[in-house]
Protein chains: 2
Amino acid sequence: MTVVWQCQGVNPSAAPAGAVRQGSLRELNLALVLGRIAAAPRPPSRAALAAETGLTRATVSAVVEDLVAGRLVTEAEPQPRAGAGRPARGLVLAGDGPAGLGLEINVDYLAACVVDLAGEVRHHSVHRADLRPVSPADALGQLVRLAAGARAAADAQGLTLAGAALGVPGLVDEAGRVRLAPNLGWRDVPVPELLAGHPPLTETVDGVPPLVVDNEANLAALGELHAGDGPGSFLHISGEVGIGAGIVLDGALYRGTRGWSGEIGHIPVRPDGPPCRCGGRGCLEQYAGQEAILSAVGLTGADLPADTAPNRLAELAEAGDATVLNALHEAGAALGVTVASVVNLLDLDTVVLGGGYAPLAPWLRPPMLAEIDRRVLTAAWAPVTVRVATLGATAAAVGAAGSVVRRIIARPAGWLARL
Amino acid sequence: MTVVWQCQGVNPSAAPAGAVRQGSLRELNLALVLGRIAAAPRPPSRAALAAETGLTRATVSAVVEDLVAGRLVTEAEPQPRAGAGRPARGLVLAGDGPAGLGLEINVDYLAACVVDLAGEVRHHSVHRADLRPVSPADALGQLVRLAAGARAAADAQGLTLAGAALGVPGLVDEAGRVRLAPNLGWRDVPVPELLAGHPPLTETVDGVPPLVVDNEANLAALGELHAGDGPGSFLHISGEVGIGAGIVLDGALYRGTRGWSGEIGHIPVRPDGPPCRCGGRGCLEQYAGQEAILSAVGLTGADLPADTAPNRLAELAEAGDATVLNALHEAGAALGVTVASVVNLLDLDTVVLGGGYAPLAPWLRPPMLAEIDRRVLTAAWAPVTVRVATLGATAAAVGAAGSVVRRIIARPAGWLARL
């Protein structure tokens, strides 16, 4: 029965007696109004919110008062009005209330960022470190120190961290345990337990988990979904040492039966190709992973750390280095063969190159498109777009922080109850 | 606002004045009650339906009376009852009212079947003919004759064909036009226009299109979904001359951005392999399509028509024919490489072998599973099941007819209005 409240709002006077408790009614109306403000293309007035939600103007005003008092919403600067009369005042998400902490552990860097309710990145820091020789506990210790810096930066800006999400380059189960992260060498790492000994990263807010652990490619795809005006269905490919993908279908992340979708790096390109860390052979990572590209150029990760390698390779390609151009062509062709498989299977029309692939896109795209044109059954009359991610290398951490912010917007009563 | 009616039923007396017209109220309650009867594991009583739907017993009785009068529902034999009291009478879907006509055009056969509301196949006929040298108009003419036979068989059993669905081995757009069917050699074939000159295949029923054209692999996957008690997410692979797949996610067919998902036959297994009819190279069809298997055995489709080839190959394998065993091993390995790609991407745990693959499953499965174990990142702790389709070679036509039946169940008022 609650479905209807989410669609239309509830006027307490019009609701059937006893159908919904007053407490949950208020919660639903808070979420309804805040959701409309978050989704509105222009700051809506109270009158517009009443018209859209079906709530009375008095109810909308009371709800807005709570949201403003709780630093979730603020009055925007008056907008010029097309018709006659005074300019309408509009409401926008506040930039000085709760914020999300986004964290990322990758093969040779750690990242932390803070995103406010309005989606602005208020802090971002990267700590470069090869985490392969480091124990998971030590890596998480380094992460906690980076997160403490982010928390101090949030405090200094008057923001309150209301929850955290952590992206890792591997398979995560529902309890936040990393089942397998081949490129980190992690297997069955109980991340929440290992973090339990450290001071909490965030405040306790009802309805917002203190820490969600997720696959970094999933978080990057979510970040891209919410950052862009793009279509609701796309494949987002994050190229790091490993290659992960996030599949967004109709505006929602497709996670798979057990949450382990998107392992595009282990799709075989050539079934008898070079062995891969996963135990298979000829996986995409062996042709288009960052180390495969560096190796084709005669370099290793020791020469160029992963977070600087893409930009350095882009500089060399820009300068016309034939070896680099050839290596990028081969990587792009392997990506194209794999993407053709994905498009034939899922009928997606947009592929987004993110992470380390973003700066390399000018050289990866042409061979990718050539393979797609050649191999996708529908390519002749339904072309596939390959574009660069809006967020680039920061996507996973920003997507992680954004996922926290969206939880607060979906259930503002939890945050307000804390005050 | 209508969402709630679908969840809970509507007591006219309790509905707010003017919220829903009486006409649509009746339609919604008919659909609600019929849907519960269709989904119930045991024939439900009127009292159980009232308790489940929130409708009054008087409303349920009136609705059931309409459904029985319209030959949509009938009284089941009394069920023995666990507790005290008289055995309860239950309601089941009727087997003597409307039925769906399922049609299939494939590369070297045509099929027609009739499925009643209870899901029983009441008629099934196959007409063997190589359709590659035949014009689309002539092929559809043959189909119309086969459909006329199915209609006569339905009439003879007191069934009324209320709609038809046609499966084709190719890409279909929203208007029912076959954009491309590579193995038939069809390109931009306007099926509904070509059928317009023929007598109608079915009665006109409001809410049930007289003919829906769809991809045969999609219809086969839908047939399998509704025939089995299996999981809600699986990949169904139909092996014919071409290889198609239907992707079922959480109980719904995933169609893709433009309806062209599941073209698994054109996923490259070896990017530099033999050229394919699609313009690509090394597609799965070149290794595991029926003609590829026959060719590896030294036969062609001329020696063994596609509808008999799988059973003949199974006989030869059963007898230990080394060439056949080797050909099936190679085909199974190629299928395994491709399925590993799909599982790495989508995290599915069940693969169903349908169509011509069903009788060959004993020989295809072991090499498939070996490749899956080797190449799927999560295979070690989350095994993938490969099983044989429940419906086998009839899946597409039965799935097509079933899709018609489900439309009637979803909107019984359209059928009742006809009477």
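Just so you know, the residues in each chain are numbered from 1, in the order the chain's sequence is written. Here every chain gets a letter starting at A, and every ligand a number starting at 1, in the order they are written. Predicted model: local features are reported for residues with pLDDT of at least 70 only, side-chain atom pairs are reported and counted for 80 or more only, and whole-chain, interface and lining totals are derived from all residues. Just so you know, side-chain values use all the structure's heavy atoms and leave hydrogens and water out.

**Considering the sheet that holds strand S6 (residues 160-168) of chain B**
All names here are of chain B.
Right, so step 1: DSSP-based pairing: two strands are paired if at least 2 bridges between them are found. In this text, helices come from DSSP runs of H or I with a minimum length of four residues, and strands from runs of E with a minimum of two, each type numbered from the N-terminal end. An order of S5-S4-S3-S6-S10 is seen for the five strands of this open sheet, with the pairing classed as mixed. Where the open sheet ends on each side, the last strands, each with one partner, are strand S5 (121-128) and strand S10 (211-215). Strand-to-strand twist across the sheet, computed as the mean angle between neighbouring axes with direction ignored, equals 15°.
Right, so step 2: Whether two residues are in contact is decided by their heavy atoms, any of which lying within 4.5 Å being enough. Angular values range over 0 to 180 degrees, each being the angle between N-to-C directions of two axes fitted as lines to C-alpha atoms, with helices fitted over their stretch in contact. Seen against the sheet, helix H5 (residues 136-156) touches strand S3 (98-105), strand S4 (109-116), S5 and S6 and runs at an angle of roughly 30° to S4.
Right, so step 3: Across the sheet, helix H13 (residues 395-410) is in contact with S3, S4, S5, S6 and S10; its angle to S3 comes to roughly 145°.

**Concerning the domain arrangement of chain A**
Residue and element names in this part refer to chain A.
Right, so step 1: In terms of domains, chain A is made up of domain 1 (3-78 + 89-93), domain 2 (98-219 + 396-418) and domain 3 (229-389).
Right, so step 2: By convention here, the domain bounds are inherited from an automatic or database domain assignment. For domain 2 versus domain 3, the separation of C-alpha centres amounts to 26 Å.
Right, so step 3: Contacts between domain 2 and domain 3 engage 18 residues on the former and 20 residues on the latter.
Right, so step 4: Summing both partners gives a buried area of about 1600 Å² for domain 2 against domain 3, and 46% of it is carried by carbon and sulfur.
Right, so step 5: Summed over both partners, the accessible surface that disappears when two parts come together, traced with a 1.4 Å probe, is what is meant by buried area. It is Arg128, Asn183 and Asn218 in domain 2 that bury the most area against domain 3; as a group they hold 33% of the surface buried on that side.
Right, so step 6: For this analysis, a salt bridge means a side-chain nitrogen from Lys or Arg found within 4 Å of a carboxyl oxygen belonging to Asp or Glu. The interface formed by domain 2 and domain 3 holds two salt bridges in total.
Right, so step 7: A salt bridge links Asp214 to Arg255, with the nearest nitrogen and oxygen atoms 2.7 Å apart.
Right, so step 8: Between N or O atoms, a polar contact is any pair within 3.5 Å; within protein, one atom must be a potential hydrogen donor and the other a potential acceptor, and residues adjacent in sequence are included only when both atoms are from side chains. For the pair domain 2 and domain 3, the number of links is four residue pairs in polar contact (both at pLDDT 80 or more).

**A few points about the relation of the copies chain A and chain B**
Right, so step 1: You can overlay chain A on chain B at an RMSD of 0.0 Å; the transform is a turn of 180° with a shift of 0.0 Å along its axis. The two molecules are tied by a two-fold rotation axis, judged by turn and shift.
Right, so step 2: Taken together, the interface assignments show that 100% of the residues at the interface of chain A recur at the interface of chain B, consistent with an identical surface on both copies. The copies were overlaid with a least-squares fit restricted to C-alpha atoms from residues scoring a pLDDT of at least 70 in each copy.

**So, the pattern of salt bridges**
Right, so step 1: Using the criterion set out here, one finds 36 salt bridges over all chains in the structure.
Right, so step 2: The salt bridge partner of A:Glu203 is A:Arg418, with a shortest N-O separation of 3.4 Å. Of this pair, A:Glu203 sits in the loop between helix H6 (191-195) and strand S10 (211-215) while A:Arg418 is found in helix H14 (residues 412-418), placing the two residues 215 residues apart along the sequence.
Right, so step 3: For each residue, the accessible area found with a 1.4 Å probe, counting protein chains only, is set against the maximum for its type, and the residue is called buried under 20%, exposed over 50%, and partly exposed in between. With a relative accessible area of 26%, A:Glu203 lands in the partly exposed category.
Right, so step 4: With a closest N to O distance of 3.4 Å, B:Arg374 and B:Glu371 form a salt bridge. Placement of both B:Arg374 and B:Glu371 in helix H12 (residues 361-375) is noted, with a separation of three residues, approximately one turn of the helix.
Right, so step 5: Exposure remark for B:Arg374: the relative accessible area of 33% places this residue in the partly exposed category.
Right, so step 6: Connected through shared salt-bridge partners, A:Asp130, A:Arg132, A:Arg277 and A:Glu291 make up one network.

**A few points about the interface of chain A and chain B**
Right, so step 1: The interface is formed by 48 residues belonging to chain A together with 48 residues belonging to chain B.
Right, so step 2: For the pair chain A and chain B, the two sides together bury roughly 4700 Å², of which 62% comes from carbon and sulfur.
Right, so step 3: Considering only the side of chain A, the residues that lose the most area to chain B are A:Leu345, A:Leu377 and A:Trp381, jointly responsible for 17% of the buried surface there.
Right, so step 4: Here chain A and chain B share four salt bridges between them.
Right, so step 5: Put simply, A:Arg258 and B:Asp347 hold a salt bridge, and the shortest N to O gap is 2.6 Å.

**Re the packing of aromatic side chains**
Right, so step 1: Paired rings are identified among Phe, Tyr and Trp, the last through its six-membered ring, by centres lying within 6.5 Å, and are further divided according to the angle between planes into stacked (under 30 degrees), edge-to-face (over 60) and tilted (the rest). Counted under the stated rule, the structure contains two aromatic pairs over all chains.
Right, so step 2: With a centroid separation of 5.6 Å and 75° between ring planes, the pair formed by A:Trp260 and B:Trp381 is classed as edge-to-face. Of this pair, A:Trp260 sits in the loop between strand S13 (252-254) and helix H8 (285-288) while B:Trp381 sits in the loop between H12 and strand S15 (385-388), each in a different chain.
Right, so step 3: When its relative accessible area of 22% is taken as the criterion, B:Trp381 is described as partly exposed.

**Things to note about the environment of A:Val324**
Residues and elements named next belong to chain A.
Right, so step 1: Looking at the element boundaries, Val324 is found in helix H11 (residues 322-346).
Right, so step 2: When its relative accessible area of 1% is taken as the criterion, Val324 is described as buried.
Right, so step 3: Linking Val324 and Ala296, residues 28 residues apart in sequence, is a C-alpha distance of 7.9 Å.
Right, so step 4: Other than its neighbours up to four places away in sequence, Val324 contacts Val297, Leu313, Leu316 and Ala317.

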